[in-house]
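Structural features, examined
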Amino acid sequence: MNSMTPVTRQEVLGLYRKIFRIAKKWQSASGQIEETIKEKEYIINEAQTLFRKNKNVTDPKLIKQCIDECEARIEIGLHYNIPYPRPIHLPPMGLAHKQGRMLRHQEKLRKISKPIYLKSHDEVS
């Protein structure tokens, strides 16, 4: 984040603060206190992990992708009242053979079809 423009830096720090404000006010869908506490902790831990992981990113395109992912996860989390990333629904290598071009093609399709809000999830989890 060293080569960030002041505007980008403000945007990133604003998102970080926004996530902590959301965590502070978060109520689980079930309404149970234990569940709410668990989800609040998840939101904070996930934010800290991903922001630390990406703190040395200098490529403006990657920074923009991280910002887009963060904004998407915030919107989806608030809309569905679920702090965890939503899974993608693709058939698990349905028709691909165990090896060869079809398998590589299926893997490539799965990789490019992964939504923005899940890009960093597999790397951290």
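Here goes a summary of the coordinates provided. This one's a predicted model, so the numbers in the text were calculated from it and none came from an experiment.

Once that is clear, we can look at the pattern of salt bridges. Counting across every chain of the model gives 2 salt bridges. With a shortest N-O distance of 2.9 Å, Glu46 and Arg73 are connected by a salt bridge. One end of the pair, Glu46, is in helix α2 (residues 33–53); the other, Arg73, is in helix α3 (residues 60–80), and 27 residues separate them in sequence. Like Glu46, the residue Arg73 is buried in the burial classification.

Within the secondary structure layout, Glu39 lies in helix α2. The buried charged residue Glu39 lacks any salt bridge partner; its closest oppositely charged side chain belongs to Lys38, at an N-O distance of 7.1 Å. A polar contact is formed between the side chain of Glu39 and the side chain of Trp26, at a distance of 2.6 Å. In this structure Glu39 touches Trp26, Ser28, Ala29, Pro83 and Tyr84, once residues within four positions along its chain are discounted.

Estimated volume of the largest pocket: approximately 590 Å³. Contributing to the lining of the largest pocket are 32 residues, with Leu50, Phe51, Glu69, Cys70 and Arg73 lying nearest its centre. Going through the elements one at a time, α1 (6–25), α2 and α3 are the ones with two or more residues in the lining of the largest pocket. Looking at which element gives the most residues to the lining of the largest pocket, the answer is α3, with 11 residues. By residue class, the composition of the lining of the largest pocket is 22 nonpolar, 4 polar and 6 charged.

A few words now on α1. Given a rise of 1.5 Å per residue, 20 residues ought to cover 28 Å, and the 29 Å separating the end C-alpha atoms of α1 matches this to within 8%. If you check which residues of α1 are buried, you get Thr8, Val12, Leu15, Ile19, Ile22 and Ala23. Viewed along the axis of α1, the buried residues span an arc of 100 degrees, placing them on a single side of the element. Away from its buried face, by an angle of more than 90 degrees, α1 presents the exposed residues Pro6, Val7, Gln10, Lys24 and Lys25.

A few words now on the environment of Lys38. When you line up the elements, Lys38 lands in helix α2. Lys38 sits in the partly exposed class, given a relative accessible area of 49%. Between the C-alpha atom of Lys38 and that of Ser28, which follows or precedes it by 10 residues, the distance is 8.9 Å.

Right, let's get into the packing of α1 against α3. Relative placement of two packed helices is described by the angle separating their axes and the distance separating the axes. Their axes nearest at 11 Å, the elements α1 and α3 cross at an angle of 25 degrees. By the angle between their axes, α1 is roughly parallel relative to α3. The way α1 lies across α3 gives a crossing that is left-handed. Taken together, the residues of α3 that come into contact with α1 (itself represented by Thr8, Glu11, Val12, Leu15, Lys18, Ile19 and Ile22) are Ile63, Ile67, Cys70, Glu71, Ile74, Glu75 and Leu78. Residue classes in the contact of α1 with α3 are distributed as 9 nonpolar, 1 polar and 4 charged.

Cut-off values and rules
- Residues numbered from 1 in each chain as written.
- Predicted model: local features only at pLDDT ≥ 70, side-chain atom pairs only at ≥ 80, totals over all residues.
- Heavy atoms only, no water.
- Salt bridge = Lys/Arg side-chain N within 4 Å of Asp/Glu carboxyl O.
- Helix = DSSP H or I, 4+ residues; strand = E, 2+ residues; numbered from the N terminus.
- Buried < 20%, exposed > 50% of the residue type's maximum accessible area, 1.4 Å probe, protein only.
- Lys, Arg positive; Asp, Glu negative; His and termini not counted.
- Polar contact = N/O pair within 3.5 Å; in protein donor to acceptor, adjacent residues only side chain to side chain.
- Contact = heavy atoms within 4.5 Å.
- 1 Å grid on protein atoms, 1.4 Å probe; cavity = no way out; pocket = protein on both sides within 12 Å on 5 of 7 lines; lining within 4 Å.
- Points joined across faces, edges and corners; volume = space filled by probe spheres on them.
- Nonpolar A, V, L, I, M, F, W, Y, C, P; charged D, E, K, R; others polar.
- Expected span 1.5 Å × (residues − 1).
- Arc of directions from axis to C-beta.
- Axes fitted to C-alpha atoms, helices over the stretch in contact; angles between N-to-C directions.
- Parallel < 35°, antiparallel > 145°, perpendicular 65-115°, else oblique.
- Left-handed = near helix turned anticlockwise from the far one by under 90°.

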